[in-house]
Structure formats: structure tokens, C-alpha cells
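The chain contents come next:
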Amino acid sequence: MAENKPTREGAHVKNLILGSGPAGLSAALYSARAELSPIVLAGNEYGGQVSLTHIVENYPGFPDAVGGPELTELFKKQAERFGAKVVFDTATDVDFSQRPFWIKTYEKSYLADTLIIATGATPRHLEVPGETEFTGRGVSYCGTCDGFFFKGKDVVVVGGGDSALEEGSFLTRFANKVTVVHRRDELRAGAILQQRAKDNPKMGFIWDTKVNTINGNGAVQHLDLENLKTGKREEFKTDGIFIFIGHTPNTQIFKGHLEMDAGGYIVANRNMETGVPGVFTAGEVSDPHFRQVITSAGMGAAAAIQATRFLEANP
Ligand code: NAP
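Each value, and the rule that gives it
- Residues numbered from 1 in each chain as written.
- Predicted model: local features only at pLDDT ≥ 70, side-chain atom pairs only at ≥ 80, totals over all residues.
- Heavy atoms only, no water.
- Near = heavy atom within 4 Å.
- Polar contact = N/O pair within 3.5 Å; in protein donor to acceptor, adjacent residues only side chain to side chain.
- Areas by Shrake-Rupley, 256 points an atom, 1.4 Å probe, with all protein chains shown as cover.
- Pairing = 2+ DSSP bridges.
- Helix = DSSP H or I, 4+ residues; strand = E, 2+ residues; numbered from the N terminus.
- Expected span 1.5 Å × (residues − 1).
- Buried < 20%, exposed > 50% of the residue type's maximum accessible area, 1.4 Å probe, protein only.
- Contact = heavy atoms within 4.5 Å.
- Domains from an automatic or database assignment.
- Buried area = accessible area lost by both parts, 1.4 Å probe.
- Arc of directions from axis to C-beta.
- Axes fitted to C-alpha atoms, helices over the stretch in contact; angles between N-to-C directions.
- Parallel < 35°, antiparallel > 145°, perpendicular 65-115°, else oblique.
- Left-handed = near helix turned anticlockwise from the far one by under 90°.
- Nonpolar A, V, L, I, M, F, W, Y, C, P; charged D, E, K, R; others polar.
- Salt bridge = Lys/Arg side-chain N within 4 Å of Asp/Glu carboxyl O.

A. Spotlight on the site of the ligand. Close to the ligand lie 14 residues, the nearest being Asp162, Ser163, Glu166, Arg184 and Arg188. For the ligand, an oxygen atom lies 3.3 Å from a polar atom in the backbone of Gly161. A distance of 2.9 Å is found between an oxygen atom of the ligand and a side-chain nitrogen or oxygen belonging to Arg183. Against a free-state accessible area of 920 Å², the protein chains account for coverage of 68% of the ligand.

B. Structural view of the pairing of strand β14 (residues 209-216). Across seven bridges, the pairing between β14 and strand β15 (residues 220-227) is antiparallel. Across the sheet, residue Val211 finds its bridge partner in β15, namely Leu225. Hairpin connection of β14 to β15: three residues between the antiparallel strands, including Gly218 at a positive phi of 85°.

C. Here's a closer look at helix α1 (residues 22-33). With 12 residues, α1 ought to run about 16 Å at 1.5 Å a step, and its terminal C-alpha atoms sit 17 Å apart, in line with that. Burial analysis of α1 places 10 of its 12 residues in the buried class, the great majority of the element. Within the span of α1, buried status applies to Pro22, Ala23, Gly24, Leu25, Ser26, Ala27, Ala28, Leu29, Ser31 and Ala32. Those residues of α1 that are buried are in contact with β1 (11-18), β2 (39-41), α2 (68-81), β5 (85-87), β8 (109-117) and α6 (293-313).

D. Highlighting the domain arrangement of the chain. When its domains are assigned, the chain resolves into domain 1 (14-122 + 247-313) and domain 2 (125-243). Each of domain 1 and domain 2 was reduced to a C-alpha centroid, and the two centroids are 31 Å apart. The partner domain 2 presents six residues to the six residues of domain 1 that form the contact. Here domain 1 meets domain 2 over a buried area of about 560 Å², counting both sides, of which 51% is carbon and sulfur.

E. Region of the structure containing helix α5 (residues 191-199). Residues of α5 that are buried: Leu193, Gln194 and Ala197. Considered in projection along α5, the buried side chains sweep an arc of 100° and stay on one side of the axis. Those residues of α5 that are exposed and angled more than 90 degrees off the buried face are Ala191, Ile192, Arg196 and Asp199. Next to the buried residues of α5 lie α4 (162-171) and β13 (203-206).

F. Spatial organisation of the packing of α4 against α5. Where α4 contacts α5, the two axes come as close as 10 Å, and the packing angle between them is 40°. It follows from the interaxial angle that α4 and α5 lie oblique. The element α4 and its partner α5 pack so that their crossing is left-handed. In this structure, α4 contributes Asp162, Leu165 and Glu166 to the contact, and α5 contributes Leu193, Gln194 and Ala197. Counted by class, the contact of α4 with α5 contains three nonpolar, one polar and two charged residues.

G. Seen up close, the pattern of salt bridges. For the structure shown, the criterion picks out five salt bridges. Between Asp208 and Lys229 there is a salt bridge; the shortest N-O distance is 3.5 Å. Here Asp208 is found in the loop between β13 and β14, whereas its partner Lys229 is found in the loop between β15 and β16 (233-237), with 21 residues between them in sequence. By relative accessible area, which is 13% here, Asp208 ends up buried. Taken together, the shared-partner salt bridges in this structure form one network comprising Asp185, Asp208 and Lys229.

And the structure:
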């Protein structure tokens, strides 16, 4: 990366925000109201994960729920009202060795006095036939978001980690039956979560098994499962499939520039500060735990407040 670095030129901005999910757009609102004239680079997935969510029922202020894409538009409109500019472009390279920070995109380059990284995380996909087709119609990556739609129904959870068991247990509040399909005969999840899941009469397990295809007609109806030890295949009826096989934080371009944990999440302190003064993070790019619209939005606001304070102290 560094050896190909061209001269550090670019459009000067006081505050550049990478990502247009709840964290990025909330940061933009606060930054714009502090008159930092933020530019938001929308990234490859405009609106982030929430824009793939059919209905959001747990974001305060919307007692009758709000559509994920609609919420993104409202966030954007509110930030733009105060002067934020959303640009449909994506950062491809960075240099944080000095301020202003240099950020290259597909279209141009920027020199930013402060940077808020809100590039989010992407749930890992099984990458099997039917997965994309039925996303939002029985395929989900968020129990907290979509569990309610499976009241009295049968669902499958894929994965054997903490997320799979935690979300699987949560889903038993709504679902009639939650069947965990795991590719091994041993769970990765912590002992307490394992015990709780095994004690839950609504939870069942299918071991050593992978999902080959997700099938249905307008919505998920059944899965093609394959036992990895015996090779035996079965058609398994289900109303939904929740996939919890890990997340990948969108931090590829920051490798070597910022400290990251073993999972690739950017390490930041409670003030949203990374190890580089003037570079802040918000939302799932540095948060593997909460993963909610409201927590990401809160972190976005906090990061913008911190960027504002930073510029006051370092004009
Ligand atoms: P994870 O620990 O990486 O577990 C992913 C699970 O998905 C594993 O069981 C893995 O199987 C399985 N898997 C991966 N790729 C697969 C594929 N292509 N097909 C089928 N199965 C696949 O991810 P996570 O559960 O999201 O947890 C991420 C981190 O957050 C962990 O550090 C976890 O401890 C933490 N977390 C903590 C809590 C909590 O403390 N309450 C809650 C949630 C998450 P194998 O086991 O065979 O590799």
C-alpha cells in the first residue's frame, strides 16, 4: 500500500465520515450541527445492515415500526438538513501518518482534519443457493430484529458459537421450535450458553451437518441438509433460517494503520478514540457485542462530539 502512495493531495474537509449506516449518519447529524460540514462516503452498502432489514421495531420514536430503508432515508435527510453531504463513493486506501489524514476513494482523494470510521460489519454468509433469494423472506442474520415474525413457527439456527446459542435462545421466546444445525459435534460457544441451550425444551440440535440449499416458494419452506460424517441427506421443513456464523468487520483498508483485535475489529476506547488522535470509530466496526441500530447511532453521535472537541483543541 504505502509504496504506491501518490502525493498527499485531495479535497480538504474538516470531518470525513466513512459509512452510511446508523453510526455514520448519526455522526453526520451531530457533526453537521457542530458546523464541521461533514462529507459522508456512503460505501458499498448504502445504509448498512439496517437497510436490509424489512421492519425495525426496536428503534425508539417509531411506536408503529419503521422500514429499514425508510429509516436510512430519514437519518440521511435529517443530517442533510444541517449541511452534511452524502457522497456515493467508497474509501479504498488511507494514510494516517500525519494530519490531515489522506483518504483515497474510487473517485477522488480527501484530506480530512478528523475522520470517523463507521464502515460496519458484514454478517458472514453461508453462500448456498437460496440464501440471497430468501433474505428477508425467511433468511435472517438478526434474531433481535426478526424473531418476532416467527411467532409459533419452526426455525433453524446455523452456527455453534456464542451468537448462535444466544440468538437461538432468544428466538425460543417466539418460535415453537429452534433447531441448531452445526457442522461439528461440539459447540464453540461458552459453557453457560451451551447448558442453557441444552436445557431449553424448545431447542434441538442437528450435529455434523451442513446446509446445502435453502428452498421455498416466495418464502423459506425447507432446507437440504447433509450429514458430513455419513453423507446422508434430508429435506428439513422450516419456516426460517437464522445464520450466525460470525461477522466480518469492514476494516480491510485500515490494516497496518490502526490497532485491531483478533477478530479484525478496530480497537477504540470508550470515547470512540482509536490509537491515532483525530481518528474515531462508531458502530459495529469496533463493536462485536451490541450490534443494534440504537447503539450504533449513539456511538456515531459520541464520535462526532469527540471529533468536534478534538478540532477545538487542535485547530
Ligand atoms: P464465532 O465464535 O466465530 O462462531 C461462529 C460459528 O459458526 C462457529 O461455531 C463455526 O463453526 C460456525 N461457522 C463458521 N463458518 C461456517 C460455515 N461456513 N458454515 C457453517 N458453520 C460455520 O462467531 P460468533 O458466535 O458470532 O461470536 C463472535 C465473537 O463474539 C466471539 O468472540 C464470541 O465469544 C463473542 N460473542 C459473545 C457473546 C456473549 O458473550 N454473550 C455473544 C455473542 C458473541 P466451528 O465451531 O466449526 O468453527
